[in-house]
Amino acid sequence: MSSSLNLGRFAGIKVQIHWTFWLLFLFIAFLVFTQGGDFTTLFWHSLFIICIFICVVLHEFGHALSARKYGIGTRSITLLPIGGVANLKKIPDNPKEELIIAIAGPAVNVVIALLLIPFVSIDAYAGMDPETLQEELSTITSQNFMFYLLMANFALVLFNMIPAFPMDGGRIFRSVLSMKMGRVEATRIATGLGKFLALLFFLYGLFFSIILVVIPVFVWFGAHSENIMIQQFDLMDGYTIRDAMITQYSTLRPDEPLQKAVERILATTEQDFIVSDDYQIHGIIYMADLAEALKKTGKETPVRRIMDTDFVILHPHEPLHSAYRKLRRDNRNFFPVMENGKLVGVMDLNNINEFLTFRSAFDY
Ligand SMILES: [Zn+2]
């Protein structure tokens, strides 16, 4: 979503705060004031939230920087009220790499906790009688701040190690299983456990703490879509773009009017068109842009004036799953396929979905 606040780049990785994150402060203010707190209490609570989220960002950097070690880049790190997300460009296929990347996040919080221990007077807390201790820790103050931060880091480790895929613990579980069995089977088991745990947490949240229902929903859908994706990748394994690309399509010449594109869209099932003369590609006309362009410039405008000249080119010998990744990532999901400088086909998501349907129905 575009409504994220950009904090800048750290180690080359964009760090941003999603707009919903600020709701957390409203929620904290609500909690503090309804429980008779004042602005000092609000200050310590807010500072605490900020510190926890710095720890969360460092946790995400643990994932991102260890991924970089294996040549996997990170698009961004986003802070949400429920935690952080490191948006890796790809999940490694190698179980050992996945294991190390997944462990690196919680490991950062273990290191932070170890660094905090000298600043926390654990002995003093241990010597207190239960009532004084409860009084001392009833709310966050300048005296017990470090203690709270230490506990928060331990909580982050424990929480993330819950084996509910796609949480870190679930990824660790999947990678260990992958070493023993195939990745498809390992994913099926790990995401199945993730969905089961999500359901348990969801039910618990429903009855005991309604705030807890958000995370299981994310976990459930995360696990579900990963399982489907891995199965789809498996179906595409060994196939190249040439096996699934569209070879019957029409192109538009640069000087043809927009009217021609509209006629073609209505008369066929085609929606987007390559603009080319002979085999040279000049650009692409997308149906999504057409109505707007017609309103602005009229139907006689040559297509070359509104065509998009910045597009991804696929090669027929590329693995099919690589095209699938690119198509899903791009908001334009219609790419030309070229070989030796010549247009040999086109590819869209619809066509890959058709390929998957027939591959799963029988061994195409
Ligand atoms: Zn993590």
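Reading the values: rules and limits
Residues numbered from 1 in each chain as written. Predicted model: local features only at pLDDT ≥ 70, side-chain atom pairs only at ≥ 80, totals over all residues. Pairing = 2+ DSSP bridges. Helix = DSSP H or I, 4+ residues; strand = E, 2+ residues; numbered from the N terminus. Axes fitted to C-alpha atoms, helices over the stretch in contact; angles between N-to-C directions. Contact = placed C-beta atoms within 7 Å. Parallel < 35°, antiparallel > 145°, perpendicular 65-115°, else oblique. Left-handed = near helix turned anticlockwise from the far one by under 90°. Nonpolar A, V, L, I, M, F, W, Y, C, P; charged D, E, K, R; others polar. Expected span 1.5 Å × (residues − 1). Buried ≥ 20, exposed ≤ 12 C-beta atoms within 10 Å, placed from the backbone. Domains from an automatic or database assignment. Core = buried A, V, L, I, M, F, W, Y, C linked by C-beta atoms within 7 Å.

Draft legend 1. Seen up close, the sheet that holds strand β1 (residues 4-10). With respect to topology, four strands assemble into an open sheet ordered β1-β2-β3-β4, the strand pairing being mixed. The strands lining the two open edges of the sheet, one partner per strand, are β1 and β4 (83-88). Strand-to-strand twist across the sheet, computed as the mean angle between neighbouring axes with direction ignored, equals 20°. Bridging between β1 and strand β2 (residues 13-18) involves six bridges; their strand directions are antiparallel. Pairing of Leu-5 across the sheet is with Ile-17, part of β2. Here helix α2 (residues 39-69) sits on the sheet in contact with β2, β3 (74-80) and β4, set at roughly 20° to β4.

Draft legend 2. Representation of the environment of Met-146 within the structure. One can find Met-146 in helix α6 (residues 145-160). Separated by 28 residues in the primary sequence, Met-146 and Pro-118 have C-alpha atoms spaced 9.7 Å apart. Each residue touching Met-146, except ones within four places of it in the same chain, is listed here: Leu-116, Phe-119 and Val-120.

Draft legend 3. Geometry of the packing of helix α7 (residues 168-180) against helix α8 (residues 183-208). Where α7 meets α8, the axes come as close as 8 Å, and the angle between the chain directions of the two elements is 150°. The angle between α7 and α8 places the two elements in the roughly antiparallel class. The chirality of how α7 crosses α8 is right-handed. Seen from α7, the contacting residues are Gly-170, Phe-173, Arg-174, Leu-177 and Ser-178; seen from α8, they are Arg-183, Ala-186, Thr-187, Ile-189, Ala-190 and Gly-194. Looking at the contact of α7 with α8 residue by residue, the classes come out as five nonpolar, four polar and two charged.

Draft legend 4. Structural view of helix α9 (residues 214-236). With 23 residues, α9 extends 33 Å from end C-alpha to end C-alpha; this agrees with the ideal 33 Å at 1.5 Å per step. Those residues of α9 lying buried are Pro-216, Val-219, Trp-220, Ala-223, Glu-226, Asn-227, Ile-230 and Met-236. In the core, the buried residues of α9 are packed alongside α8 and α13 (320-329).

Draft legend 5. Highlighting the domain arrangement of the protein chain. Domain boundaries in the protein chain define domain 1 (1-161), domain 2 (163-237) and domain 3 (241-361). Look at where the C-alpha atoms of domain 2 and domain 3 centre, and you get two points 35 Å apart. The partner domain 3 presents six residues to the four residues of domain 2 that form the contact. For the side of domain 2 that touches domain 3, the residue count by class is three nonpolar, one polar and no charged.

Draft legend 6. Layout of the pairing of β4. By the bridge criterion, six bridges tie β3 to β4 in an arrangement that is antiparallel. Across the sheet, Thr-78 pairs through a bridge with Val-85, a residue of β4. Hairpin connection, β3 to β4: the antiparallel pair is bridged by two residues.

Draft legend 7. Focus on unusual backbone geometry. Across the junction of Phe-165 and Pro-166, the peptide omega takes the value 10°, indicating a cis bond. Residue placement: Pro-166 occurs in the loop between α6 and α7. Positive phi is not limited to glycine here, since Asn-340 has a value of about 50°. Tracing the backbone shows Asn-340 in the loop between β8 (334-339) and β9 (342-348). Owing to 7 C-beta atoms within 10 Å, Asn-340 belongs among the exposed residues under this scheme.

Draft legend 8. Fine view of the nonpolar core. Among the nonpolar cores identified, the biggest contains 29 residues, and Val-57, Ala-64, Ile-77, Ala-164, Phe-165, Ala-198 and Val-219 are the most heavily contacted of them. Breaking this core down by element, the ones donating at least two residues are β2, α2, β3, α3 (95-116), α7, α8 and α9. In terms of residue count, the dominant contributor to this core is α3 (seven residues). Residue-level mapping places this core at the junction of two domains, with at least three residues from each of domain 1 (1-161) and domain 2 (163-237). The residues touching Ala-198, leaving out its near neighbours within four places in the chain, are Ala-164, Pro-216, Val-219, Trp-220 and Ala-223. Grouped together as the second largest cluster of nonpolar side chains are 28 residues, Ala-244, Leu-314, Ala-323 and Phe-355 included.

Draft legend 9. The arrangement of helix α1 (residues 23-34) in detail. Spanning twelve residues, α1 covers 16 Å between terminal C-alpha atoms, matching the ideal 16 Å at 1.5 Å per step. Note on α1: the residue one or two positions beyond its end, Gly-36, has a positive phi of about 75°.

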